[in-house]
Amino acid sequence: MKKEIDWFLIIEVTLLALFGYLTLNSAVLTVKGGSLIIKKQFIFLSLGFFLAMFFFLIDYRKLLDFVPFIYFATLFLLIITLIVGRVVHGSKSWINLGFFMFQPSEPAKLIAILTVGYLVKVNKSAYLNLKTGIKIILFVGLMCMLILLQPDFGTASIYIVMLAVVLFVLGLNRKVIIFLIILAMLGSVFAWKYVFKPYQRNRILTVINPERDPLGSGYQVIQSKIAVGSGRIFGKGYKKGTQSKLKYLPEPHTDFIFAVFSEEFGFVGVATVLTLYMLMILRIINIARVALDREGMIMAVGVAAIFFYQGLVSMGMVVGLVPTTGIPLPFFSYGGSGTITYFSMIGLVLNIYRKRFSII
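Here is a short report on the structure shown in this document. Remember, predicted model here, so these are calculated numbers, not experimental data.

**Details of the overall build of the protein chain**
Argument step 1. Along its length, the protein chain carries 14 helices and 3 strands.
Argument step 2. A separation threshold of at least 6 residues defines the contact pool for the protein chain, and within that pool the share at least 24 residues apart is 73%.
Argument step 3. Accessible area for the protein chain stands at about 17400 Å²; split by element, carbon and sulfur atoms hold 72% of it.

So this is what it looks like as structure tokens:
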């Protein structure tokens, strides 16, 4: 009997979600409305599980047939967000649904991956031609532009990285890749001068020297690094971290939740979680390698790219290696839109694995 379920991936994701939920319970002890946050996150995890089941059971090849409708519906949601969205931390990225704040740019990551899969599917040639490559750039780029207008540069960067990875794996012409890299560099210079706001420039400069403004832009990074360092080898113990409990650590349940985990579980805990993330990403890459078709392969690669980049940046923020961008740590940070999206991605990858021996 052929193996239809990748139990190793399921175990890895389950352990990450468990560590995340336990850490969240500790992180919200001094956060206003902490008990409500815990209850909501449990609901989000439950919804994520059911959506993972949905994306696992449905044939992803048939799902791709509906991508054009889903894509334009997602664009509509992103446009609506710009019009009626609620501003949080300087970005108009959320729609208030009453019972929770919905962030369309999170599930749009999954739609972007499905869109790439659809465009690869309808491309009849044996290789990625320039026409299909341009379509992928335009379709995903349009979603990215709408997110940049919010403005949410952190989330937009996830789309850019995913786009670059899938184009590279699909074998886009080297000259085109070089051109895109140069274009991205010029765009970065333009954004620094004319798009980034002063507080965003400060965040980038803070990475180089957090002590330049220890009570302002550097405060978050300094306190986070203190939390991580004070965990030492075995940590201070569950719910015994002082940085978050004494409210020195900002946004302990979202942006800096990994600092809370590091302080309480120390190097041993951090090494364990890093290993789980690494194993999860390697399993997803392996599923891409054995996928039935190119669309399945490239969608799995897109999921791996998003998890790798988000994990790298989110963990890098807490030790001052990258600017504070507000990118959540998958399966750890509080948030319904993100949690449901991550589980849906895992369901899609498991689907690709299950269908690897199917007849086309």
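Text resumes after the structure shown.
**Comments concerning the side chain of His253**
Argument step 1. By the secondary structure assignment, His253 is in the loop between helix H11 (242-245) and helix H12 (257-289).
Argument step 2. Excluding its chain neighbours within four sequence positions, the residues that come into contact with His253 are Leu24, Ala27, Val28, Val31, Ile37, Ser333 and Tyr334.

**Details of the nonpolar core**
Argument step 1. Counting 92 residues, the largest nonpolar core has Ile136, Met280, Ile284 and Phe307 as the members making the most contacts within it.
Argument step 2. Leave out the neighbours within four places in its chain, and Met280 touches Leu9, Glu12, Val13, Leu16, Phe307, Phe331 and Ile346.

**Thoughts on the pattern of salt bridges**
Argument step 1. If you walk through the whole model with that rule in mind, you get 6 salt bridges.
Argument step 2. Put simply, Lys109 and Glu106 hold a salt bridge, and the shortest N to O gap is 2.8 Å.

**With respect to the pairing of strand E2 (residues 91-96)**
Argument step 1. Here strand E1 (residues 86-88) runs beside E2; their pairing, made up of 3 bridges, is antiparallel. For Val88, the partnering residue across the bridge sits in E2 and is Ser91.
Argument step 2. With antiparallel pairing between neighbouring strands as the criterion, E1 and E2 make up a hairpin whose turn holds 2 residues, including His89 at a positive phi of roughly 55 degrees.
Argument step 3. Across 2 bridges, the pairing between E2 and strand E3 (residues 101-102) is antiparallel.

**A few points about the environment of Asn25**
Argument step 1. Mapped onto the secondary structure, Asn25 falls in helix H1 (residues 7-27).
Argument step 2. Setting aside residues up to four positions removed in sequence, Asn25 forms contacts with Ile38, Tyr238 and Lys239.
Argument step 3. Within the structure, the side chain of Asn25 is placed 2.7 Å from the backbone oxygen of Tyr21, a separation counted as a polar contact.

**Focus on the sheet that holds E1**
Argument step 1. Spatially, the 3 strands line up as an open sheet ordered E1-E2-E3, and their pairing is antiparallel. Looking at the sheet topology across the chains shown, the edges are occupied by E1 and E3.

**What to know about H1**
Argument step 1. For H1, with 21 residues, the first-to-last C-alpha span of 30 Å sits near the 30 Å given by 1.5 Å per residue.
Argument step 2. Buried within H1 we find Leu9, Glu12, Val13, Leu16, Ala17, Gly20, Thr23, Leu24, Ser26 and Ala27.
Argument step 3. Residues of H1 that are buried in the fold lie against helix H2 (34-57), H11, H12 and helix H14 (336-354).
Argument step 4. By the N-cap criterion, in which a side-chain oxygen at the helix start approaches the backbone nitrogen of a residue two or three places on, H1 is capped by Asp6, the distance to Phe8 being 3.2 Å.

**Observations regarding the packing of helix H5 (residues 107-122) against helix H6 (residues 130-148)**
Argument step 1. Interaxial distance between H5 and H6 falls to 10 Å at its minimum, and their mutual angle equals 165 degrees. Relative to H6, the element H5 lies roughly antiparallel. In terms of crossing hand, the pair formed by H5 and H6 is right-handed. The residues of H6 that touch H5, namely those facing Ala108, Ile111, Ala112, Thr115, Val116, Leu119 and Val120, are Thr132, Lys135, Ile136, Phe139, Val140 and Met143.
Argument step 2. Split by residue class, the contact of H5 with H6 holds 10 nonpolar, 2 polar and 1 charged.

**Focus: the side chain of Asp293**
Argument step 1. With respect to the helices and strands, Asp293 occurs in the loop between H12 and helix H13 (294-318).
Argument step 2. Despite its burial, Asp293 pairs with no opposite charge, the nearest such side chain being Arg61 at 5.1 Å.
Argument step 3. At a separation of 2.8 Å, a polar atom in the side chain of Asp293 contacts the main-chain amide nitrogen of Gly296.
Argument step 4. Not counting chain neighbours up to four residues away, the residues in contact with Asp293 comprise Tyr60 and Arg61.

**Notes on H5**
Think of an α-helix as turning once every 3.6 residues; residues three or four places apart then point the same way.
Argument step 1. For H5, with 16 residues, the first-to-last C-alpha span of 23 Å sits near the 22 Å given by 1.5 Å per residue.
Argument step 2. Of all 16 residues in H5, 12 are buried, a share of seventy percent or more.
Argument step 3. Along H5, the residues classified as buried are Ala108, Lys109, Leu110, Ile111, Ala112, Ile113, Leu114, Thr115, Val116, Gly117, Leu119 and Val120.

**Some details on a nonpolar patch on the surface**
Argument step 1. Taken together, the side chains of Trp7, Ile11, Leu15, Leu18, Leu22 and Tyr238 make up a nonpolar region of the molecular surface, amounting to roughly 560 Å² of accessible area.
Argument step 2. Residue position: Leu22 is located in helix H1.

**Describing the environment of Ala156**
Argument step 1. Relative to the helices and strands, Ala156 resides in helix H7 (residues 153-170).
Argument step 2. Separated by 10 residues in sequence, Ala156 and Leu146 have C-alpha atoms that sit 8.8 Å apart.
Argument step 3. Apart from the residues within four sequence positions on either side, Ala156 is in contact with Cys144, Ile147 and Leu148.

Definitions and cut-offs
Residues numbered from 1 in each chain as written. Predicted model: local features only at pLDDT ≥ 70, side-chain atom pairs only at ≥ 80, totals over all residues. Heavy atoms only, no water. Helix = DSSP H or I, 4+ residues; strand = E, 2+ residues; numbered from the N terminus. Contact = heavy atoms within 4.5 Å. Areas by Shrake-Rupley, 256 points an atom, 1.4 Å probe, with all protein chains shown as cover. Core = buried A, V, L, I, M, F, W, Y, C linked by side-chain atoms within 4.5 Å. Buried < 20%, exposed > 50% of the residue type's maximum accessible area, 1.4 Å probe, protein only. Salt bridge = Lys/Arg side-chain N within 4 Å of Asp/Glu carboxyl O. Pairing = 2+ DSSP bridges. Polar contact = N/O pair within 3.5 Å; in protein donor to acceptor, adjacent residues only side chain to side chain. Expected span 1.5 Å × (residues − 1). Axes fitted to C-alpha atoms, helices over the stretch in contact; angles between N-to-C directions. Parallel < 35°, antiparallel > 145°, perpendicular 65-115°, else oblique. Left-handed = near helix turned anticlockwise from the far one by under 90°. Nonpolar A, V, L, I, M, F, W, Y, C, P; charged D, E, K, R; others polar. Lys, Arg positive; Asp, Glu negative; His and termini not counted. Patch = residues over 30% accessible without salt bridge, like charges linked within 9 Å, V, L, I, M, F, W, Y side chains within 5 Å.

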